[in-house]
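The chain contents come next:
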Amino acid sequence: METLNIPIGNTQIIQGDTIPEILFEFDPTDNIDLSLPNVSIKMQIYNSSNKILDVQNGNGITILTSKSFKINEISKENNNFPTGSHLGDLEITDTNGKRFTYFRVKLNIDKQYTK
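So, how was this worked out
Residues numbered from 1 in each chain as written. Predicted model: local features only at pLDDT ≥ 70, side-chain atom pairs only at ≥ 80, totals over all residues. Heavy atoms only, no water. Core = buried A, V, L, I, M, F, W, Y, C linked by side-chain atoms within 4.5 Å. Buried < 20%, exposed > 50% of the residue type's maximum accessible area, 1.4 Å probe, protein only. Helix = DSSP H or I, 4+ residues; strand = E, 2+ residues; numbered from the N terminus. Contact = heavy atoms within 4.5 Å. Phe/Tyr/Trp six-rings, centres within 6.5 Å; stacked < 30°, edge-to-face > 60°. Pairing = 2+ DSSP bridges. Axes fitted to C-alpha atoms, helices over the stretch in contact; angles between N-to-C directions. Polar contact = N/O pair within 3.5 Å; in protein donor to acceptor, adjacent residues only side chain to side chain. 1 Å grid on protein atoms, 1.4 Å probe; cavity = no way out; pocket = protein on both sides within 12 Å on 5 of 7 lines; lining within 4 Å. Points joined across faces, edges and corners; volume = space filled by probe spheres on them. Nonpolar A, V, L, I, M, F, W, Y, C, P; charged D, E, K, R; others polar.

Undergrad: Help me understand the nonpolar core, please; the structure alone is not making it clear to me.
TA: Note that soluble globular proteins tend to have their nonpolar side chains buried in a common cluster. In this structure, L34, M43, F69, L90 and I92 are the most contacted members of the largest nonpolar core, which totals 26 residues. Of all the secondary structure elements, the ones that give two or more residues to this core are β1 (3-6), β2 (22-25), β3 (40-47), β4 (50-57), β6 (68-71), β7 (84-93) and β8 (99-109). The element contributing the most residues to this core is β8, with four residues. With near-sequence residues (within four places) excluded, L34 lies in contact with F26, V39, I41, I63, T65, S66, K67, S68, F69 and I92.

Dropping the structure here:
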């Protein structure tokens, strides 16, 4: 299973900074339709055993098309995550109630010095 590292690329997320949206797009040949009723996407991230982020479609995740969705931007006011590396995953439940974990998530937050 792959791990999504946030931030993506060579950037850093500093405590108190805006976290940009992340877009996901499935291949057109993938057997998935996010636009069907009762499809849910959920992502949770933990600091040890404490949940620090809990988003799902309609509340932090937006389904864009039958093959794409985004994790919405997190404002600077809502980025009060503790510093460090935090782990979680993202799962999709299809219209038949079958749940699949699509990837692990690793959220890295660096300390803010300027206040």
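Back to the text.
Undergrad: Would you mind going over the packing of aromatic side chains with me for this structure?
TA: Remark: the centre distance and the inter-plane angle together describe each pair of aromatic rings, the angle taken between the planes. By the definition in use, this model includes five aromatic pairs. On the numbers, 5.3 Å between centres and 20 degrees between planes, the contact of F24 with F103 is stacked. One end of the pair, F24, is in strand β2; the other, F103, is in strand β8, with 79 residues separating them in the sequence. The exposure classification of F24 matches that of F103, with both residues buried. On the numbers, 6.4 Å between centres and 40 degrees between planes, the contact of F26 with F69 is tilted. A residue pair is termed long-range when its members are at least 10 positions apart, and F26 in the loop between β2 and β3 and F69 in strand β6 qualify at 43 residues. Owing to a relative accessible area of 17%, F26 belongs among the buried residues under this scheme. Aromatic ring contacts, followed pair by pair, group F24, F26, F69, F100, Y102 and F103 into a single cluster.

Undergrad: Just checking my understanding: could you explain the sheet that holds β1 for this structure?
TA: Sheet strands associate in pairs through backbone hydrogen bonding, adopting either a parallel or an antiparallel arrangement. Reading across the sheet, the eight strands line up as β1-β8-β7-β3-β4-β5-β6-β2 and stay open at both edges, with mixed pairing between neighbours. Two strands in the sheet have a free side with no partner beyond their single neighbour: β1 and β2. Strand-to-strand twist of the sheet, defined as the mean angle between neighbouring strand axes without regard to direction, takes the value 20 degrees. As defined by bridge partners, β3 adjoins β4 across six bridges and the pair is classed as antiparallel. Looking at β4, one finds that I45 is bridged to L53.

Undergrad: Could you clarify how one ought to interpret the environment of K70 in this entry?
TA: One can find K70 in strand β6. Each C-alpha atom, one on K70 and one on E21, is 6.6 Å from the other, the two residues being 49 residues apart in sequence. Those residues in contact with K70 that lie beyond four places of it in its chain are E21, I22, L23, G60, I61, T62 and L64. A polar side-chain atom of K70 sits 3.1 Å from a polar atom in the side chain of E21.

Undergrad: Can you help me understand empty space enclosed by the protein in this one?
TA: Empty space among the atoms becomes apparent when a probe as large as a water molecule is rolled across them. Taken as a whole and judged by the stated rule, the model has one cavity of 30 Å³ or more. For the largest cavity, the calculated volume is near 70 Å³. Together, I6, I19, P20, I22, M43, I45, L53, I71, N72, I74, F81 and L107 line the largest cavity. Its residues assigned to classes, the lining of the largest cavity shows 11 nonpolar, one polar and no charged.

Don't take any of this as a statement about function, it's just geometry.
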